[in-house]
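For reference, the chains in residue letters:
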Amino acid sequence: MPSHRVPSEADVISTVEFNHTGELLATGDKGGRVVIFQREPESKNAPHSQGEYDVYSTFQSHEPEFDYLKSLEIEEKINKIKWLPQQNAAHSLLSTNDKTIKLWKITERDKRPEGYNLKDEEGKLKDLSTVTSLQVPVLKPMDLMVEVSPRRVFANGHTYHINSISVNSDCETYMSADDLRINLWHLAITDRSFNIVDIKPANMEDLTEVITASEFHPHHCNLFVYSSSKGSLRLCDMRAAALCDKHSKLFEEPEDPSNRSFFSEIISSVSDVKFSHSGRYMLTRDYLTVKVWDLNMEARPIETYQVHDYLRSKLCSLYENDCIFDKFECAWNGSDSVIMTGAYNNFFRMFDRNTKRDVTLEASRESSKPRAVLKPRRVCVGGKRRRDDISVDSLDFTRKILHTAWHPAENIIAVAAANNLYIFQDKVNSETH
Amino acid sequence: MEFKLEAHRIVSISLGKIYNSRVQRGGIKLHKNLLVSLVLRSARQVYLSDPCPGLYLAGPPGAPLQLPAEPAAGPSAGWGEPPPPPAAGLETEPQPAHPAAPGALRAGDAEPATTVACARDTLQSGEAAAAAGGAGDQAGGSDAFPEGPRETRRDCRCPPGVEGQPGAPGAAPHGDCCAEDEPPAPPPIGPRKRPAAGAGGCGPAGRPAPGSTPVKKPRRDSEERPGRAEEGEEEMETGNVANLISIFGSSFSGLLRKSPRGGGEEAEGEERGPEAAEPGQICCDTAVLRDMSPWSTAIEAF
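Predicted model only: the values in this text are computed from it and were never measured. (Residues numbered from 1 in each chain as written. Chains lettered and ligands numbered in written order. Predicted model: local features only at pLDDT ≥ 70, side-chain atom pairs only at ≥ 80, totals over all residues. Heavy atoms only, no water.)

(A) How the structure looks around the overall build of chain A. Of the regular secondary structure elements, chain A holds 3 helices and 31 strands. Burial analysis of chain A (433 residues in total) assigns 53% to the buried set. The contacts of chain A with a sequence gap of at least 6 include a subset with a gap of at least 24, amounting to 51%. (Helix = DSSP H or I, 4+ residues; strand = E, 2+ residues; numbered from the N terminus. Buried < 20%, exposed > 50% of the residue type's maximum accessible area, 1.4 Å probe, protein only. Contact = heavy atoms within 4.5 Å.)

If you want it as structure tokens, here you go:
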């Protein structure tokens, strides 16, 4: 992301999300800002810039706040952005920090009226005696202006930190989840929400798990899933009861006792859950793996992919430097055949579910020159070492890809590394159609 | 032996994390503190159950060695054990010099009391973390061996056949499953109530705390009995850790209401730091208790 200021902590990207057509790409950062990119239409005149993303709009979504009652500062960091399905010329998105969700409307203005009878060009009232004839104002083109306005503010719904929001396929409601509760909102109503999941125990001493992510089913407006810090997924049906504390399905894999360590619980915590586009599968990310679950099978995932198993022997160091708490996201491609997730050293991994092949790529300035081809990377764990391999011990754990997004239809991915956004396109495929 | 060292190191690191979480921007992260408390619990289990002679566990004869075997007695009474009546549990702590008082945990030895207060202050912020750790332990049943509770808990993951039932436990912690499956296991609520009643004084809404100002009480104890640190050495070697661990399992529901007391507690914690250091250093003079020093060092950091 181009920045003319010295990059600071506030510029670190905290969420990335394509809209439903892939035309727009929104990013949120720790400073509470949202930057929207728009894909330039492919044109024959400028073949080099076909399909590239340029900045469309930037606005300040959230500001730091202070909760005086609890003496707590509320961070302005944008935790999640979700686009609403487009229903008219305007685009809308929800952005949330730890406590408050906001609905933003993004509109374009490319014409302005000229020729008023009572006002002059600057808007000052004319002297009526100078008006000798009447004219009909006409709309003249002007430079495109993108206007963003906050249409709704959904506040005071959460005691704990919001970790996810998800728009329902009914396009009228959405849910927001914090560590212990999930609320259902109507997009037009800000002064009340319905609590649909509450796992807060009567006695906080009995707390054993928290909600880590949640999402509505892409097609069934009554179904949603939420993941827990214990590594389980719960599919809930809102038709069954008003309070969905009883799950319809519980997806959980028994722990492998041979992998038991001090940190087993931490690495089994699910950091992200995503339904496939088909709605048949779910993708989860925990610290070392991504797993594909079939909604029809609760006992275990149908596929498990190792993201960076070489870290299993380093969990103690990763605990010390807090890396073990990093929350990586995961993503499906448009056809649900490839899954992607981030890792350390600015690496990100893709797994082809059909061919079972995987690739490790790096998001770096060197690799992102225009039309450069990404070179597959390899982490060697001892044994034969090839020339460009990186050893586990030289991985840079301060450079990590937590947030990734995949275009809903095409092979375009957005990868966030600190304050930089990398957008990679699979040109081979795009040239064939 | 190396497990013990590693476990000890992990405990120190975890304590540091919980402490640092208090000053993090944006407030306490419940999820992270919960995970840290789970690690803390695992490390503590390994530390206490590793049968290694020569370390602090070889203190008052009988009492610490009972740790792995006798869930109902011993200084680890506050951690994943069957729930004797609240006061009785505390009274079984190896502190013969201190007749049980209401909220006996708080009225414990001078040094443990101060360290307890120190830890409590810092751990107030790790509310659900430690609470969760303790609860998780409860879910695991008896604290026989480090693997024991974990295995129990894992085994009690509802088998697939149970999951699909509409009446399944749902979002309830697995502790409920475990409790049902093992009749001898303690009910999920129990030992945690004892220290909760004592420590924090801010139990979940509606629960009367025997001492409404537990934070102040240890300070009084430490001021009254600084000289008792030496006398209480013997008890302290086990009592200290036990009390510290009990605090981890105690209620931190004050987390959400921490703001009015947050500032005060921090100040008290810092004040108590140097006080705790002194008894700790006294302990260190004795060869047998030399191994206590890392604990004191860790606590001093608070």
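There's more to say after this.
(B) Molecular detail of the overall build of chain B. Within chain B one finds 14 helices and 0 strands. The N-to-C order of helical and strand elements in chain B reads α-α-α-α-α-α-α-α-α-α-α-α-α-α. For chain B, restricting intrachain contacts to residue pairs at least 6 apart in sequence, the fraction spanning at least 24 positions comes to 78%.

(C) A look at the sheet that holds strand β17 (residues 233-237) of chain A. All names here are of chain A. Here we have 4 strands laid out as an open sheet, ordered β15-β16-β17-β18, and antiparallel in their pairing. Sheet topology places β15 (211-216) and β18 (249-251) at the edges, where each strand pairs with a single neighbour. With direction set aside, neighbouring strand axes in the sheet form an average angle of 20 degrees. With 5 bridges joining them, β15 and strand β16 (residues 223-228) adopt antiparallel strand pairing. Across the sheet, residue Phe 216 finds its bridge partner in β16, namely Phe 224. (Pairing = 2+ DSSP bridges. Axes fitted to C-alpha atoms, helices over the stretch in contact; angles between N-to-C directions.)

(D) How the structure looks around the state of the cysteines. In total, this model carries 0 disulfides over all chains according to the counting rule given. A:Cys236 takes part in no disulfide bond, and the closest cysteine sulfur, belonging to A:Cys244, lies 5.3 Å away. (Disulfide = S-S within 2.5 Å.)

(E) Region of interest: the nonpolar core. In terms of nonpolar packing, the biggest core is built from 49 residues, with A:Phe263, A:Tyr287, A:Tyr319 and A:Ile324 touching the most fellow members. Going through the elements one at a time, α1 (264-268), β20 (281-285), β21 (289-294), α2 (315-320), β23 (330-332) and β25 (347-352) of chain A together with α1 (2-21) and α2 (30-49) of chain B are the ones with two or more residues in this core. When residues of this core are assigned to their parent elements, the largest contribution, 9 residues, is made by α2(B). The residues contacting A:Tyr287, other than those within four sequence positions of it, are A:Ile267, A:Ser269, A:His308, A:Leu311, A:Leu315, A:Leu318, A:Cys323, A:Ile324, A:Asp326, A:Phe328 and A:Tyr344. Listed in part, the 20 residues of the second largest apolar core include A:Met175, A:Ile182, A:Ile199 and A:Cys236. (Core = buried A, V, L, I, M, F, W, Y, C linked by side-chain atoms within 4.5 Å.)

(F) Structural detail: the packing of aromatic side chains. Evaluated as defined, the whole model comprises 18 aromatic pairs over all chains. Ring plane angle 40 degrees and centroid distance 5.0 Å describe the contact between A:Phe263 and A:Tyr319, whose orientation is recorded as tilted. Residue A:Phe263 is located in the loop between β18 and α1, and its partner A:Tyr319 is located in helix α2; the two are separated by 56 residues in the primary sequence. Above the face of the A:Tyr116 ring, A:Lys119 is positioned so that its terminal group lies 4.6 Å from the ring centre. Here the basic side chain of B:Lys17 rests over the ring of A:Tyr319, its NZ or CZ set 5.1 Å away from the ring centre. (Phe/Tyr/Trp six-rings, centres within 6.5 Å; stacked < 30°, edge-to-face > 60°. Lys NZ or Arg CZ within 6 Å of the ring centre and 35° of its normal.)

(G) Representation of the pattern of salt bridges within the structure. Counted by the stated rule, this structure contains 36 salt bridges over all chains. With a closest N to O distance of 3.0 Å, A:Glu255 and A:Arg260 form a salt bridge. A relative accessible area of 24% means that A:Glu255 is categorised as partly exposed. Judged by its relative accessible area of 21%, A:Arg260 falls in the partly exposed class. A:Arg353 is the partner of A:Glu303 in a salt bridge, and the nearest nitrogen-oxygen pair spans 2.9 Å. Of the two residues, A:Glu303 is situated in strand β22 (residues 303-306) and A:Arg353 in the loop between β25 and β26 (358-362); the sequence distance between them amounts to 50 residues. Using a relative accessible area of 11% as the deciding quantity, one classes A:Arg353 as buried. Several salt bridges converge on common partners, so that one network encompasses A:Glu73, A:Glu75, A:Glu76, B:Arg25 and B:Lys29. (Salt bridge = Lys/Arg side-chain N within 4 Å of Asp/Glu carboxyl O.)

(H) Structural view of the sheet that holds strand β13 (residues 181-186) of chain A. All names here are of chain A. One open sheet holds the 4 strands; their spatial order is β11-β12-β13-β14, and the pairing between them is antiparallel. Since the sheet does not close on itself, it has two edges, and those belong to β11 (164-167) and β14 (194-198), each with one partner. Ignoring strand direction, the axes of neighbouring strands in this sheet form an average angle of 20 degrees. Pairing between β11 and strand β12 (residues 173-177): 4 bridges, direction antiparallel. Directly across from Val 167, in β12, lies its bridge partner Tyr 174.

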